[in-house]
Amino acid sequence: MTRFVAAPFLRLAAPALVLSTLFVLPAAAQAPAPVSALLEELAKRPELEPLKTVIVARDGKILTERGYRGNRVTDSTNIKSASKSIISALVGIAIDKGLLEGPDQKIAQILKADLPASPDPRINDITIGNLLSMQAGLGRLSGPNYGRWVASRNWVRTALAQPFDDAPGGQMLYSTASTHLLSAILTKISGKSTLALARDWLAPLDGFRIGAWDRDPQGIYLGGNQMAMSPRSLLAFGELYRNGGRTVSGQQLLSAEWIAASWQHRTNSRFSGDEYGYGWFERQIAGEEVHFAWGYGGQMLYIVPSLDLTVVMTSAESGPSARNGYRDALHLVLGEIITRVKADPETDG
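Attention in this report is confined to the structure presented alongside it. All values reported here derive from a predicted model rather than from experimental measurement.

Reading guide: rules and limits
- Residues numbered from 1 in each chain as written.
- Predicted model: local features only at pLDDT ≥ 70, side-chain atom pairs only at ≥ 80, totals over all residues.
- Heavy atoms only, no water.
- Helix = DSSP H or I, 4+ residues; strand = E, 2+ residues; numbered from the N terminus.
- Buried < 20%, exposed > 50% of the residue type's maximum accessible area, 1.4 Å probe, protein only.
- Pairing = 2+ DSSP bridges.
- Salt bridge = Lys/Arg side-chain N within 4 Å of Asp/Glu carboxyl O.
- Phe/Tyr/Trp six-rings, centres within 6.5 Å; stacked < 30°, edge-to-face > 60°.
- Lys NZ or Arg CZ within 6 Å of the ring centre and 35° of its normal.

## Here's the deal with the environment of Pro320
Right, so step 1: Mapped onto the secondary structure, Pro320 falls in the loop between strand E10 (309-315) and helix H12 (326-343).
Right, so step 2: The partly exposed category is assigned to Pro320, whose relative accessible area is 23%.
Right, so step 3: With 22 residues separating them in the primary sequence, Pro320 and Gly298 have C-alpha atoms 8.0 Å apart.

The following block contains the structure:
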């Protein structure tokens, strides 16, 4: 049986070492059981009680999928902060279309109507890239500050009025306000809502659909949270990235250069040590480089380019998956999936 150590140890140890040493195959086994058998087994693990669905796809083909406790892979679910990766994609498409200049473009001119009356001069240094990599320097409006922020009358102005905790381009200060500013920027430069842009620009992506999505008091869709879609839809989005920005039919929706830029290491989470790019986390799991989107409660989209593997896991929004160790349990499950795929790469039972 796989053993899990407490979350504090996982934060102190190197992520790759932890994940590679915690999971050990039974000594008597000649080869691990196929991935489908693993998904059946997950239902019996008490530490995975919040798990709702898992989908495992390789090279565009679903190997196996499973819903737990009455949940289905076609049901709409709140993907929480995993939607930050979708905002990043929309920014990349806006750059590809010439609506934005690029990651180095300053944001103050675009959002000048919502700047404070006497702003800190450093606000003029914040770039699109700083918002994407959570390096804007503005005080965080996630975690304990989130409720106060969404209770304000103008989320964009409140975000821009936060005192600076660091210079733009400094340490990673994870804040949903940063991706909401990106949503406001997309709305401003296009004249359309962020939802309309997503439905237009990603329409050729077969199976992709955004359902309900919260908006701020000014009607701007919440960049980076409170977005509903099915696990199958999240898989379709992940496949776009795994396939270099192309649809199944070969249409280029997002440039491969933007995907490479999004997956480039730009900073590190001070909580997990994971690398962070433009709306994507990165870490080593079971010896492979993994890029992942992560939402509160354990909403996960994993891409393992070396194995052409895309994995979706959705969970109940019952608790902070990072603090209670549940997110690390999901990383371990991915490690098991990777190990089984590598042991039997051609078939799945």
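Moving on, there is more to tell.
## A few points about the pairing of strand E1 (residues 51-58)
Right, so step 1: Counting buried positions over the eight residues of E1 gives eight, a clear majority of the element.
Right, so step 2: In this structure, E1 lies alongside E10, joined through seven bridges in antiparallel fashion. Each residue of the ladder has a partner; that of Leu51, found in E10, is Ser315.
Right, so step 3: Direction of pairing for E1 relative to strand E2 (residues 61-67): antiparallel, over a ladder of six bridges. Across the sheet, the residue bridging to Arg58 is Lys61, located in E2.
Right, so step 4: Count of turn residues in the E1/E2 antiparallel hairpin: two residues, of which Asp59 carries a positive phi of about 55°.

## Examining the pattern of salt bridges
If the charged atoms of two oppositely charged side chains come close together, the side chains can form a pair.
Right, so step 1: For the structure shown, the criterion picks out 15 salt bridges.
Right, so step 2: With a shortest N-O distance of 3.7 Å, Arg242 and Asp59 are connected by a salt bridge. Residue Arg242 is found in helix H10 (residues 231-242), and its partner Asp59 is found in the loop between E1 and E2; the two are separated by 183 residues along the sequence.
Right, so step 3: Take Arg242: its relative accessible area is 15%, and that puts it in the buried class.
Right, so step 4: A salt bridge links Glu65 to Arg232, with the shortest nitrogen-to-oxygen separation between them at 2.7 Å. Of this pair, Glu65 sits in strand E2 while Arg232 sits in helix H10, and the two are 167 residues apart along the sequence.
Right, so step 5: Salt bridges sharing common partners tie together Glu41, Arg45, Glu336 and Arg340.

## Remarks on the sheet that holds strand E8 (residues 288-295)
Right, so step 1: Reading across the sheet, the eight strands line up as E2-E1-E10-E9-E8-E7-E6-E5 and stay open at both edges, with antiparallel pairing between neighbours. Unpaired on one side and paired on the other, E2 and strand E5 (267-268) mark the two borders of the sheet.
Right, so step 2: In terms of strand pairing, E5 meets strand E6 (residues 275-276) through two bridges, oriented antiparallel. Across the sheet, the residue bridging to Asn268 is Glu275, located in E6.

## A look at the packing of aromatic side chains
Right, so step 1: For the structure shown, the criterion picks out 15 aromatic pairs.
Right, so step 2: Each member of the aromatic cluster is reached from another via a ring pair, and the members are Tyr174, Tyr276, Phe281, Phe292, Trp294 and Tyr302.
Right, so step 3: Over the ring of Trp294 we find Arg327; its NZ or CZ atom is 4.6 Å from the centre of that ring.

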